[in-house]
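Letter by letter, the chains look like this.
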Amino acid sequence: MKIVMFSAQPYDERSFDEVLQREYASRDFDLVYQKATLSAQTVALAQGCEVVCAFVNDQLDAAVLETLHGYGVRAILLRCAGFNHIDLEAARRLGLFVARVPAYSPEAVAEHTIALILTLNRHTHRAYNRVREGNFMLDGLLGFNLHGKTVGVVGTGKIGLATARILKGFGCRVLGHDPYETAEFAALGEYVTLDSLLAESDVISLHCPLSDATRHLIDAARLARIKHGAMLVNTSRGALIDTRAVVAALKSRRLSALAIDVYEQESQLFFHDRSSDIIDDDVFSRLMTFPNVIVTGHQGFFTAEALREIAETTLHNLDCYAGGRSCGNVLAGNA
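Predicted, not measured: the structure shown is a model, and the values here were computed from it.

Draft legend 1. Broad picture of the overall build of the protein chain. Scanning the protein chain from terminus to terminus reveals 12 helices and 13 strands. Expected size for 335 residues packed as a compact globule is a radius of gyration near 20 Å; at 21 Å, the protein chain falls within 12% of this value. Oriented by its inertia axes, the alpha-carbon framework of the protein chain measures out at about 60 × 50 × 40 Å. Here the protein chain holds 335 residues, and the buried ones make up 50% of them. Long-range pairs, those at least 24 residues apart, make up 68% of the contacts in the protein chain with a sequence separation of at least 6. For the protein chain, the accessible area works out to roughly 15700 Å², and carbon and sulfur atoms hold 50% of it. Charged side chains of the protein chain number 32 positive and 39 negative; the gap between the two group centres comes to 5 Å.

Draft legend 2. Layout of empty space enclosed by the protein. Tallying each qualifying case throughout the model produces three cavities of 30 Å³ or more. Of the pockets and cavities examined, the largest cavity occupies roughly 120 Å³. Considering the residues around the largest cavity, the lining is formed by 14 residues, among which Ser7, Gln9, Thr37, Phe55 and Phe271 are closest to the centre. Classifying every residue of the lining of the largest cavity gives five nonpolar, six polar and three charged. When its volume is computed, the second largest cavity comes out at roughly 40 Å³. Those elements that place two or more of their residues in the lining of the second largest cavity are α1 (10–23) and α12 (304–323). Residue composition of the lining of the second largest cavity, grouped by class: five nonpolar, no polar and two charged.

Draft legend 3. Representation of the side chain of Ser15 within the structure. Within the fold, Ser15 resides in helix α1. Once residues within four sequence positions are removed from consideration, Ser15 is found in contact with Leu307 and Ala311.

Draft legend 4. Inspection of the nonpolar core at higher detail. Core analysis: the largest hydrophobic core is formed by 57 residues, its most contacted members being Val52, Leu60, Leu65, Leu68, Ile76, Leu78 and Val98. Tallying contributions element by element places α12 first for this core, with eight residues. If near-sequence neighbours (up to four positions away) are discounted, Leu60 is found in contact with Leu38, Ala54, Leu65, Leu68, Ile76, Leu78, His85, Ile86 and Asp87. Of all hydrophobic cores here, the second largest spans 30 residues; its members include Cys208, Leu223, Ile241 and Ala249.

Draft legend 5. Local environment of helix α10 (residues 243–251). For α10, the full list of buried residues reads Thr243, Ala245, Val246, Val247, Ala249 and Leu250. Residues of α10 that are buried make contact with α9 (220–223), β10 (230–234), β11 (255–260), α11 (282–287) and β12 (293–295). Capping the start of α10, Asp242 holds a side-chain oxygen 3.2 Å from the backbone nitrogen of Arg244, two or three residues further along. Backbone geometry just after α10 places Arg253 at a positive phi near 70 degrees.

Draft legend 6. View of the pairing of strand β2 (residues 30–33). Taken together, the four bridges between strand β1 (residues 2–5) and β2 define a ladder with parallel strand orientation. Bridging from a neighbouring strand, Ile3 pairs with Leu31 of β2. Once the chain exits β1 it traverses α1 before rejoining the sheet at β2, and the crossover so formed is right-handed.

Draft legend 7. Region of interest: the pattern of salt bridges. The full count for this structure, using the stated rule, is 12 salt bridges. Between Glu312 and Arg22 there is a salt bridge, with its nearest N and O atoms 2.9 Å apart. Here Arg22 lies in helix α1 and Glu312 lies in helix α12, a separation of 290 residues in the sequence. By relative accessible area, Arg22 is classed as partly exposed at 43%. Through salt bridges with shared partners, one network takes in Glu18, Arg22, Glu23 and Glu312.

Draft legend 8. Representation of the sheet that holds strand β8 (residues 190–191) within the structure. A sheet is described by the order of its strands in space; here seven strands give the open sequence β8-β7-β6-β9-β10-β11-β12, paired in parallel fashion. Only two strands of the sheet have a single partner each, and these edge strands are β8 and β12. When β11 meets β12, the two strands line up parallel, connected through three bridges. Looking at the pairing, Ala259 lines up with Ile294 of β12. Running over the sheet, α10 touches β10, β11 and β12 and is turned about 140 degrees from β11.

Draft legend 9. Expanded view of the packing of aromatic side chains. Applying the stated criterion to the full structure yields eight aromatic pairs. Taking 6.1 Å as the distance between ring centres and 50 degrees as the angle between the ring planes, the aromatic pair formed by Tyr24 and Phe29 counts as tilted. Taken together, the ring pairs connect Tyr11, Phe55, Phe271, Phe301 and Phe302 into an aromatic cluster.

Draft legend 10. Inspection of the packing of helix α4 (residues 106–122) against helix α6 (residues 158–169) at higher detail. Look at α4 against α6: their axes get within 8 Å of each other, and the N-to-C directions meet at 50 degrees. In terms of their interaxial angle, α4 and α6 are classed as oblique. The handedness of the crossing between α4 and α6 is right-handed. Contact with α4, carried on its side by Pro106, Glu107, Val109, Ala110, Glu111, Thr113 and Ile114, involves Lys158, Ile159, Ala162, Thr163, Ile166 and Leu167 of α6 and no other residues of that element.

About the cut-offs
Residues numbered from 1 in each chain as written. Predicted model: local features only at pLDDT ≥ 70, side-chain atom pairs only at ≥ 80, totals over all residues. Heavy atoms only, no water. Helix = DSSP H or I, 4+ residues; strand = E, 2+ residues; numbered from the N terminus. Rg over C-alpha atoms; globule rule 2.2 N^0.38 Å. Buried < 20%, exposed > 50% of the residue type's maximum accessible area, 1.4 Å probe, protein only. Contact = heavy atoms within 4.5 Å. Areas by Shrake-Rupley, 256 points an atom, 1.4 Å probe, with all protein chains shown as cover. Lys, Arg positive; Asp, Glu negative; His and termini not counted. Charge placed at Lys NZ, Arg CZ, Asp CG, Glu CD. 1 Å grid on protein atoms, 1.4 Å probe; cavity = no way out; pocket = protein on both sides within 12 Å on 5 of 7 lines; lining within 4 Å. Points joined across faces, edges and corners; volume = space filled by probe spheres on them. Nonpolar A, V, L, I, M, F, W, Y, C, P; charged D, E, K, R; others polar. Core = buried A, V, L, I, M, F, W, Y, C linked by side-chain atoms within 4.5 Å. Polar contact = N/O pair within 3.5 Å; in protein donor to acceptor, adjacent residues only side chain to side chain. Pairing = 2+ DSSP bridges. Right-handed = clockwise from strand over helix to strand, strands pointing away. Salt bridge = Lys/Arg side-chain N within 4 Å of Asp/Glu carboxyl O. Axes fitted to C-alpha atoms, helices over the stretch in contact; angles between N-to-C directions. Phe/Tyr/Trp six-rings, centres within 6.5 Å; stacked < 30°, edge-to-face > 60°. Parallel < 35°, antiparallel > 145°, perpendicular 65-115°, else oblique. Left-handed = near helix turned anticlockwise from the far one by under 90°.

Structure below.
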């Protein structure tokens, strides 16, 4: 069985090859790695394959799915938890098998979230550059104790819960908001309305899936309700925040700092080397001018443990499809 993996990086090849050799050596799985992002312009690379493996910035709209189906593709494997980038209605209509990786090392993203908070708060990125230049002055590097501060966690699933556990260990008061409340989070913090969370939190951390209900969850109206001088962190999905509105909030000092590992228009930037290019995204370029903003290129998931779990679960889903067995991670097809 031939499988084409789009948006494949060298680390994807290493992790998938390792799991293939260890657990599926006897299976006739032929993985073809493509660096290209899946889109209407690159979909032809899937010709001759029965299965497509896609990542977060690959395009799987109805038109692409119909083209894939016409090529003989019958299964889509998402090596990510989110599935907002695939038209599931079209996939079901075409009879495609679709499965995802519902969770992989939530601690990886949670720990990256904490790293961003600490870096922004204590200005570690700026201090590093100063010391490298022989400047040991402390002025401008003043932070605050996280201990005793109120942190709002928006979305208390596995990643949000892991983040809350760490924050609780720092001695923070933890507030949570989620339409599906859990006893696990209630043991760590307090569930409140979103408006209350925004108004009371010194730090706000987003851990939501992207849907019609959460798109631009943090917009101009909600930014106006945020506690003055709060820090905003997003390691979930870029479109949870209205970036233009966030830029305005930074300019007005409503927000004291911003850290993002995701960006609404990231597909043209992240996972690519653009160091020799002119970046023509004016909103992103404006964001990068702020000294109180940190951007990382969607690396929250990027740990050895998470990569291994992604490969293991994706290949398990493939094995279920190939064997005609039910799959607990299915979004469309044989559940």
